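Here's the letter readout for the chains.
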Amino acid sequence: VQLQASGGGLVQAGGSLRLSCAASGRTFNTATMAWFRQAPEKEREFVTAIRRGSTTTHYADSVKGRFTISRDNVKNMVYLQMNNLKPEDTAVYYCAASRTEILSTLRSATAYGYWGQGTLVTVSS
């Protein structure tokens, strides 16, 4: 599976951005799709995930109510709508795919075998 993320940029606090992630190749291996982010000098952290077989979505507490993940299984796309952005949201955002839909591990980066190249989101105060 190849993942291509796009949509990052510079935005003022309170603004919005929409990230996109296009999956290609063996897309049947994208049972769970997720977004992670990594700020400078910090570890990569879970942001949100969505499983193919479920409409249930999962969010980190820090983004709950502001970010929305969605997927289009026909187009093999995943989106991250980010509203009311804060300076602490500044990071490189990575989309990731997992072959499994195991609920207990979807917040762990080690559960994802496929990663996109990342797209930079910068939120100015």
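Cut-offs and rules
- Numbering of residues begins from 1 in every chain and follows the order in which that chain's sequence is written.
- For this predicted model, a pLDDT threshold of at least 70 governs which residues receive local features, and a threshold of 80 or more governs which side-chain atom pairs are given and counted, while totals over whole chains, interfaces and linings are taken from all residues.
- The side-chain figures draw on all heavy atoms in the structure; neither hydrogens nor water molecules are used.
- Definition used in this section: a nonpolar core is a set of buried Ala, Val, Leu, Ile, Met, Phe, Trp, Tyr and Cys residues joined via side-chain atoms within 4.5 Å.
- Burial classification: accessible surface area is computed with a 1.4 Å probe over protein chains only, and a residue below 20% of its type maximum counts as buried, one above 50% as exposed, and the rest as partly exposed.
- Elements are defined by DSSP. Helices are runs of H or I of four residues or more, strands are runs of E of two residues or more, and each kind is numbered from the N terminus.
- Should any heavy atoms of two residues lie within 4.5 Å, those residues are counted as being in contact.
- Stacked, tilted and edge-to-face pairs are distinguished by plane angle, under 30 degrees for stacked and over 60 for edge-to-face with tilted covering the rest, among Phe, Tyr and Trp rings (Trp via its six-membered ring) whose centres lie within 6.5 Å.
- Counted as over-ring charges are cases with an Arg CZ or a Lys NZ within 6 Å of the ring centre that also lie within 35 degrees of the ring normal.
- We define a salt bridge as a side-chain nitrogen of Lys or Arg found within 4 Å of a carboxyl oxygen belonging to Asp or Glu.

Participant: Describe in detail the nonpolar core, supporting the description with residues and values.
Facilitator: Ranked by internal contacts, the top residues of the largest apolar core, which has 35 residues, are Leu3, Trp35, Phe67, Leu80, Met82 and Tyr93. Counting residues per element, this core draws most heavily on strand E9 (residues 91-98), at 5 residues. Discounting chain neighbours no more than four positions away, the residues touching Met82 are Gly15, Ser16, Leu17, Leu19, Arg66, Phe67, Tyr93 and Val121.

Participant: Outline the packing of aromatic side chains, supporting the account with residue identities and numerical values.
Facilitator: Tallied over the entire structure, the rule returns 5 aromatic pairs. Aromatic side chains Tyr112 and Trp115 sit 6.3 Å apart centroid to centroid with 65° between the ring planes, which places their arrangement in the edge-to-face category. Among the aromatic residues, ring-to-ring pairing joins Phe36, Phe46, Tyr94, Tyr112 and Trp115 into one connected group. Above the ring of Tyr79, the side-chain terminus of Arg18 is found at 4.0 Å from the ring centroid.

Participant: Break down the pattern of salt bridges for me, citing the residues and quoting the values.
Facilitator: This model, assessed by the stated rule, comprises 4 salt bridges. Where Arg37 meets Glu45, a salt bridge forms, and the shortest distance between an N and an O atom there is 2.6 Å. With a relative accessible area of 5%, Arg37 lands in the buried category. For Glu45, a relative accessible area of 36% corresponds to the partly exposed category. The partner of Lys64 in a salt bridge is Asp61, and the shortest N-O contact between them spans 3.2 Å. For Asp61, a relative accessible area of 66% puts it in the exposed group. One salt-bridge network, in which partners are shared between bridges, spans Arg37, Glu45, Arg66 and Asp89.

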